[in-house]
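# Remarks on the overall topology
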Amino acid sequence: AQTVTQSQPEMSVQEAETVTLSCTYDTSENNYYLFWYKQPPSRQMILVIRQEAYKQQNATENRFSVNFQKAAKSFSLKISDSQLGDTAMYFCAFTSGGNEKLTFGTGTRLTIIP
Amino acid sequence: EPEVTQTPSHQVTQMGQEVILRCVPISNHLYFYWYRQILGQKVEFLVSFYNNEISEKSEIFDDQFSVERPDGSNFTLKIRSTKLEDSAMYFCASTHASAAFYYTFGSGTRLTVV
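Scope of this entry: the structure provided in the associated data block. Keep in mind that what you see is a predicted model, and the values were worked out from it rather than measured.

## Quick notes on the pairing of strand 9 (residues 88-96) of chain B
All names here are of chain B. Taken across its nine residues, strand 9 has eight buried, putting it largely inside the fold. Both strand 4 (residues 31-37) and strand 9 contribute to a ladder of seven bridges, which runs antiparallel. Residue pairing across strands places Tyr33 opposite Ala93, the latter belonging to strand 9. Bridge count for strand 9 against strand 11 (residues 109-113) is three bridges, and the pairing is antiparallel.

Encoded structure:
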């Protein structure tokens, strides 16, 4: 069974700084998909970024980028120029694809300090 | 952008009562899911549904739960006899057959059992 581990329950950073959230996972699959979801106080699940394991290039979406290390089974999220609106819970998630379920980590609560 | 729609946004029910949570997946999506998030905890998979039958279910999805696609648009989760521990946020999600990793989540239904 796949597992996803987020070892940082809480983080805080000053506005405009850069922050990195950690995620590791365990799987025997060779091809799979990884995600970061943002959950603001409204509790909606908002996709931040996705990465396909067969792609070596790290995914980027504006201020959000990932550091995907397949051999180390690591998938960290970097938020540059952090904004107050980035304050939220962030979940790392994994799927082996083929319309399989998502497996989530326990989340990191990120607070951006003005 | 197409959305997954969930109703109601918040439901309060008496313990022992039946509840039905409703979801309208994106129209050309074929795979449907329910996830649960107890307050302050991680998001957990409940069940996946394809071609009018359950394709996978978790240990949480016991006999008190059922899912149905009664028509061409709705996807429902029924809890037969609610317990206090069923209080949680319930998320519906859907994916397209040819883009399995493009999960789309609804905004969730907050269920409170009193």
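Next comes the rest of the description.
## Details of the packing of aromatic side chains
Inspection of the entire model under this criterion finds 23 aromatic pairs over all chains. A ring pair is formed by Tyr37(A) and Phe104(A), whose centres lie 5.9 Å apart and whose planes are at 50°; its orientation type is tilted. Pair noted here: Tyr37(A) is in strand 5 (residues 33-39) and Phe104(A) is in strand 11 (residues 103-104), with a separation of 67 residues, a long-range link. Just as Tyr37(A) is buried, Phe104(A) falls in that class too. Seen from their ring centres, Tyr37(A) and Phe105(B) are 5.3 Å apart, and the 80° between their planes marks the pair as edge-to-face. Taken together, the positions of Tyr37(A) in strand 5 and Phe105(B) in strand 10 (residues 99-105) put the pair across two chains. Neither Tyr37(A) nor Phe105(B) differs from the other in exposure class; each is buried. Through pairs of rings, three or more aromatic residues link up here, namely Phe35(A), Tyr37(A), Phe91(A), Phe104(A), Tyr33(B), Tyr35(B), Phe45(B), Phe91(B), Tyr103(B) and Phe105(B).

## Side note on the sheet that holds strand 7 (residues 65-68) of chain B
Residue and element names in this part refer to chain B. Spatially, 1-3-8-7 is the arrangement adopted by the four strands of the open sheet, whose pairing is antiparallel. Both outer strands of the open sheet, strand 1 (5-7) and strand 7, are each paired with one neighbouring strand and no more. Ignoring strand direction, the axes of neighbouring strands in this sheet form an average angle of 20°. Relative to strand 8 (residues 75-79), strand 3 (residues 19-24) runs antiparallel, the two sharing five bridges. Within the sheet, the bridge partner assigned to Leu21 lies in strand 8 and is Leu77.

## Description of the interface of chain B and chain A
Residue-level contacts link 23 residues of chain B with 20 residues of chain A. Carbon and sulfur atoms supply 57% of the area buried between chain B and chain A, which totals about 2000 Å² over both sides. Looking at the side of chain B facing chain A, the largest losses of area belong to Phe101(B), Tyr103(B) and Phe105(B), adding up to 31% of the total buried there. Counting across the chain B and chain A interface gives one salt bridge. The partner of Glu56(B) in a salt bridge is Lys101(A), with the nearest N and O atoms 3.2 Å apart. Linking chain B to chain A there are five residue pairs in polar contact (both at pLDDT 80 or more). If you list the elements that add at least two residues to the side of chain B that touches chain A, you get strand 4, strand 9 and strand 10 of chain B. Sorting elements by how many residues they give to the side of chain B that touches chain A places strand 10 of chain B first, with five residues.

## Topic: the nonpolar core
In summary, soluble globular proteins display a tendency toward joint burial of nonpolar side chains. Core analysis: the biggest nonpolar cluster contains 25 residues, and Tyr25(A), Trp36(A), Phe75(A), Leu77(A) and Tyr90(A) have the highest contact counts within it. When contributions to this core are tallied by element, the ones reaching two or more residues are strand 3 (19-21), strand 5, strand 6 (46-52), strand 8 (64-69), strand 9 (74-79), strand 10 (88-95) and strand 12 (108-113) of chain A. If one sorts the elements of this core by residue count, strand 10 of chain A sits on top with four residues. Residues within four places of Leu77(A) in sequence aside, it is in contact with Val19(A), Thr20(A), Leu21(A), Trp36(A), Val48(A), Ile49(A), Phe64(A), Ser65(A), Val66(A) and Tyr90(A). Leu21(B), Phe32(B), Leu111(B) and Val113(B) belong to the second largest nonpolar core, which has 21 residues in total.

Cut-offs used in this document
- Residues numbered from 1 in each chain as written.
- Chains lettered and ligands numbered in written order.
- Predicted model: local features only at pLDDT ≥ 70, side-chain atom pairs only at ≥ 80, totals over all residues.
- Heavy atoms only, no water.
- Buried < 20%, exposed > 50% of the residue type's maximum accessible area, 1.4 Å probe, protein only.
- Helix = DSSP H or I, 4+ residues; strand = E, 2+ residues; numbered from the N terminus.
- Pairing = 2+ DSSP bridges.
- Phe/Tyr/Trp six-rings, centres within 6.5 Å; stacked < 30°, edge-to-face > 60°.
- Axes fitted to C-alpha atoms, helices over the stretch in contact; angles between N-to-C directions.
- Contact = heavy atoms within 4.5 Å.
- Buried area = accessible area lost by both parts, 1.4 Å probe.
- Salt bridge = Lys/Arg side-chain N within 4 Å of Asp/Glu carboxyl O.
- Polar contact = N/O pair within 3.5 Å; in protein donor to acceptor, adjacent residues only side chain to side chain.
- Core = buried A, V, L, I, M, F, W, Y, C linked by side-chain atoms within 4.5 Å.

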